[in-house]
Amino acid sequence: MPESLQNSPLLIGIDGRELLPDTFTGFGRYIENFLNAKITRGSHHRFTIYGNQHTRFPNANANYTFKRLEEQNTLWWDQVTIVKAIRQDRIDLFFTPYDKMPVRSPCPVVMTVHDLLYQYVSDLSGLKKWTYNTLYRMQRGYMARHAARVLTVSEHSRDDISRYYNLPPNQIVITHNAVSDRFHAGLDKTTVEDVKKKYKIPAPYIFNLNNFKPHKNPGGLIEAYAQLPSDLQKQIHLVIGGKHNSFTQPLQQRVKALGLSDAVHFPGIIHDEDLPAIYAGADLFVITSFYEGFGIPPIEAMASGTPVVSSNATSLPEVIGDAGLLVSPDDVQSLTVAMKKILSDENLRTTLIQKGLQRIREFTQERVAGKILDALEETAHIALKNEPV
């Protein structure tokens, strides 16, 4: 094997189907942050990003190639379409942001398993839930064990993956999630006000970003807000952003029953380009989840100079550290007290904002992209060492 192998440029393929227009999924943001990092853009490696007919590809870059592969059936794309493309394009290493991979890939695959949410939260129950979880765990566990390397975003997720997929912890690399450079303190006030008007958001306000599913615990947040002193409720509104679905209407009905229709707002989808201004304009960000594999919104809030109240469940304490107030998601009263503290104590607000800005240095695009790139390089070079030279 040549001594220069460690410095050899690689052709890295990436599944970029989650790079969607208007609103990114968590997977999409994960890939976007990696691709936008200076360390990736300046890399001597080349990247081929594969999408489908719905993909919004990022801005052009000298070491990026974009390929759109029609997707009519997801399973076929996962196991046939992308395998053919990898082979034709002579990809050295394939990187997927999902907990799935092309099992017959002609090159090593690095797979990211963000969390094992399905083990904890399900729309099913009883035998159906057990059957689904067992089959899903068998399938995804098989893929994880046959991936050249598994990445994940937190110690909590690593421990889950090790336990449920029977992988030694030292075979799972923690690379965290990144916060985009678009989120920063001191955002232009005119921009913030314009975006707030666009979504008809009053000021001041508490902000929460949600998909309204039960594990996100939006109901707990509403109940905690309802217990704030009436004078504080009159001063500050609650804004819960996110795409409306079947879970939204019962929450709106509960808000109405509590007499808070004028104080609690559901603006719907907040477009990606508007999120920095919404975070920056908030007096407080609150996340009340029962389960998170990582939790990107609180670090986006901290980067925006907004103090955070967070659930102390699963991965959130290791992500937030001492840069926010942590409370049990089951304890509505403690959540109310924590919100009241930050809203009423200017010294505490200032301290948490400063700690938050320090904390997000752990999750910059450059730092996280560097860890991911290191893992990709090491995996490819180990695979190449095992090939005949």
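Predicted model only: the values in this text are computed from it and were never measured.

Draft legend 1. Quick peek at the packing of helix H1 (residues 26-36) against helix H15 (residues 365-385). Across the interface, H1 lies against H15 with an axial gap of 9 Å and an inter-helix angle of 90 degrees. In terms of orientation, H1 and H15 fall into the roughly perpendicular class. The segment H1 lies against H15, with Tyr30, Asn33, Phe34 and Asn36 engaging Gln365, Ala369, Ile372, Leu373 and Leu376. By residue class, the composition of the contact of H1 with H15 is six nonpolar, three polar and no charged.

Draft legend 2. The arrangement of the pairing of strand S2 (residues 46-51) in detail. Burial within S2 is extensive, with five of its six residues counted as buried. Both strand S1 (residues 11-15) and S2 contribute to a ladder of five bridges, which runs parallel. Bridge assignment links leucine 11 to a residue of S2, and that residue is arginine 46.

Draft legend 3. Representation of the nonpolar core within the structure. One finds Phe34, Phe95, Phe207 and Leu376 to be the most contacted residues of the largest nonpolar core, which totals 56 residues. Broken down by element, this core gets its largest block of residues, seven residues, from H15. In contact with phenylalanine 34, other than residues within four places in its own chain, are Ile14, Thr40, Phe47, Phe95, Ala369, Ile372, Leu373 and Leu376. Residues Phe212, Val264, Phe266 and Leu284 belong to the second largest nonpolar core, which totals 27 residues.

Draft legend 4. Highlighting helix H13 (residues 332-344). The first and last C-alpha atoms of H13 sit 18 Å apart over 13 residues, in line with the 18 Å expected at 1.5 Å per residue. Within H13, burial applies to Leu335, Thr336, Ala338, Met339, Ile342 and Leu343. Along the long axis of H13, the arc covered by the buried residues comes to 165 degrees, so they all point the same way. The exposed set on the far side of H13, more than 90 degrees from its buried face, consists of Gln333 and Ser344.

Draft legend 5. Quick look at the environment of phenylalanine 94. By secondary structure assignment, the location of phenylalanine 94 is in strand S4 (residues 93-96). Classification of phenylalanine 94 as buried rests on a relative accessible area of 1%. The spatial distance from the C-alpha of phenylalanine 94 to the C-alpha of serine 105 is 8.3 Å, given a sequence separation of eleven residues. Among residues more than four places away in sequence, those in contact with phenylalanine 94 are Gly13, Ile14, Asp15, Tyr50, Ile82, Ile86, Pro102, Cys107, Pro108, Val109 and Val110.

Draft legend 6. Broad picture of unusual backbone geometry. Each neighbour pair has its own omega, and for alanine 203 with proline 204 the value is -10 degrees, a cis peptide bond. Here proline 204 lies in the loop between helix H6 (189-198) and strand S8 (205-209). Notably, lysine 200 is not glycine yet its phi reads approximately 55 degrees, a positive angle. Along the chain, lysine 200 turns up in the loop between H6 and S8. For asparagine 217, which is not a glycine, the phi torsion comes out positive at approximately 60 degrees. Along the chain, the position of asparagine 217 falls in the loop between S8 and helix H7 (218-226).

Draft legend 7. Region of the structure containing the environment of tyrosine 291. By the secondary structure assignment, tyrosine 291 is in the loop between strand S11 (284-287) and helix H11 (296-303). Overall, tyrosine 291 belongs to the buried group, its relative accessible area being 4%. C-alpha separation for the pair tyrosine 291 and proline 108, spaced 183 residues apart in sequence, amounts to 31 Å. In contact with tyrosine 291, other than residues within four places in its own chain, are Asp115, Leu116, Leu117, Tyr120, His156, Asp160, His215 and Thr314. Here the side chain of tyrosine 291 touches leucine 116 through a polar contact of 3.2 Å, landing on its backbone nitrogen.

Reading the values: rules and limits
Residues numbered from 1 in each chain as written. Predicted model: local features only at pLDDT ≥ 70, side-chain atom pairs only at ≥ 80, totals over all residues. Heavy atoms only, no water. Axes fitted to C-alpha atoms, helices over the stretch in contact; angles between N-to-C directions. Helix = DSSP H or I, 4+ residues; strand = E, 2+ residues; numbered from the N terminus. Parallel < 35°, antiparallel > 145°, perpendicular 65-115°, else oblique. Contact = heavy atoms within 4.5 Å. Nonpolar A, V, L, I, M, F, W, Y, C, P; charged D, E, K, R; others polar. Buried < 20%, exposed > 50% of the residue type's maximum accessible area, 1.4 Å probe, protein only. Pairing = 2+ DSSP bridges. Core = buried A, V, L, I, M, F, W, Y, C linked by side-chain atoms within 4.5 Å. Expected span 1.5 Å × (residues − 1). Arc of directions from axis to C-beta. Polar contact = N/O pair within 3.5 Å; in protein donor to acceptor, adjacent residues only side chain to side chain.

Function cannot be inferred from these measures alone, as they are strictly geometric.
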